[in-house]
Amino acid sequence: MIALTWYLHFTLDVPNSIYITILFSLTAIKALTLLFDYGRFQKTVAGMLKKEKDRGRKIVLIDVGVYLLGVIILVMVFMVY
């Protein structure tokens, strides 16, 4: 799917298709990483949920990162359409 997306980006003349192509590629790579290395991902999440002093800081940083990524995606959507 990733190769097909890049192929279509380079062969068809769709305006601003680079944004969708990059977003899809990064999302697919992350999904495959989580799928094939789920044990490490599960250990990371379990470590964040343990009662530790800096646990809250990690979760807040993830929340801020997800918020910023969402804003970037919204800006890209408004730029494309």
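Cut-offs applied
Residues numbered from 1 in each chain as written. Predicted model: local features only at pLDDT ≥ 70, side-chain atom pairs only at ≥ 80, totals over all residues. Heavy atoms only, no water. Helix = DSSP H or I, 4+ residues; strand = E, 2+ residues; numbered from the N terminus. Rg over C-alpha atoms; globule rule 2.2 N^0.38 Å. Buried < 20%, exposed > 50% of the residue type's maximum accessible area, 1.4 Å probe, protein only. Areas by Shrake-Rupley, 256 points an atom, 1.4 Å probe, with all protein chains shown as cover. Lys, Arg positive; Asp, Glu negative; His and termini not counted. Charge placed at Lys NZ, Arg CZ, Asp CG, Glu CD. Salt bridge = Lys/Arg side-chain N within 4 Å of Asp/Glu carboxyl O. Expected span 1.5 Å × (residues − 1). Arc of directions from axis to C-beta. Contact = heavy atoms within 4.5 Å.

J.: Explain the overall build of the protein chain to me, please; I cannot follow it from the model alone.
T.: Helix and strand counts for the protein chain come out as four helices and zero strands. Secondary structure of the protein chain in N-to-C order comes out as α-α-α-α. For 81 residues, the compact-globule estimate of 2.2 N^0.38 gives 12 Å, and the protein chain exceeds it by more than 25% at 17 Å. Expressed along its principal axes, the backbone C-alpha trace of the protein chain runs to roughly 55 × 30 × 10 Å. Within the span of the protein chain, comprising 81 residues, buried residues form 11% of the whole. Surface exposure of the protein chain reaches about 7000 Å², of which carbon and sulfur atoms provide 72%. Across the protein chain, the mean location of the 9 positive side-chain charges is 12 Å away from that of the 5 negative side-chain charges.

J.: What am I meant to see in the pattern of salt bridges here?
T.: Pairing between side chains of opposite charge can happen when the charged atoms of each approach one another. As enumerated under the stated definition, the model contains one salt bridge in all. With a shortest N-O distance of 3.2 Å, Arg-40 and Asp-37 are connected by a salt bridge. Under the relative-accessibility criterion, Arg-40 is labelled exposed at 56%. By relative accessible area, Asp-37 is classed as partly exposed at 31%.

J.: How should helix H2 (residues 17-36) be read in this particular structure?
T.: Owing to its 3.6 residues per turn, the α-helix aligns residues three or four sequence positions apart on the same side. An ideal rise of 1.5 Å per residue puts 28 Å on 20 residues; H2 measures up with 28 Å between its terminal C-alpha atoms. All of the buried residues in H2 are Ser-17, Thr-21, Ser-25 and Ala-28. Along the axis of H2, the buried residues cluster in a sector spanning 70°; they form a single face. When the buried face of H2 is taken as reference, the exposed residues oriented beyond 90 degrees from it are Leu-26 and Lys-30. The inward-facing, buried residues of H2 contact helix H1 (2-11).

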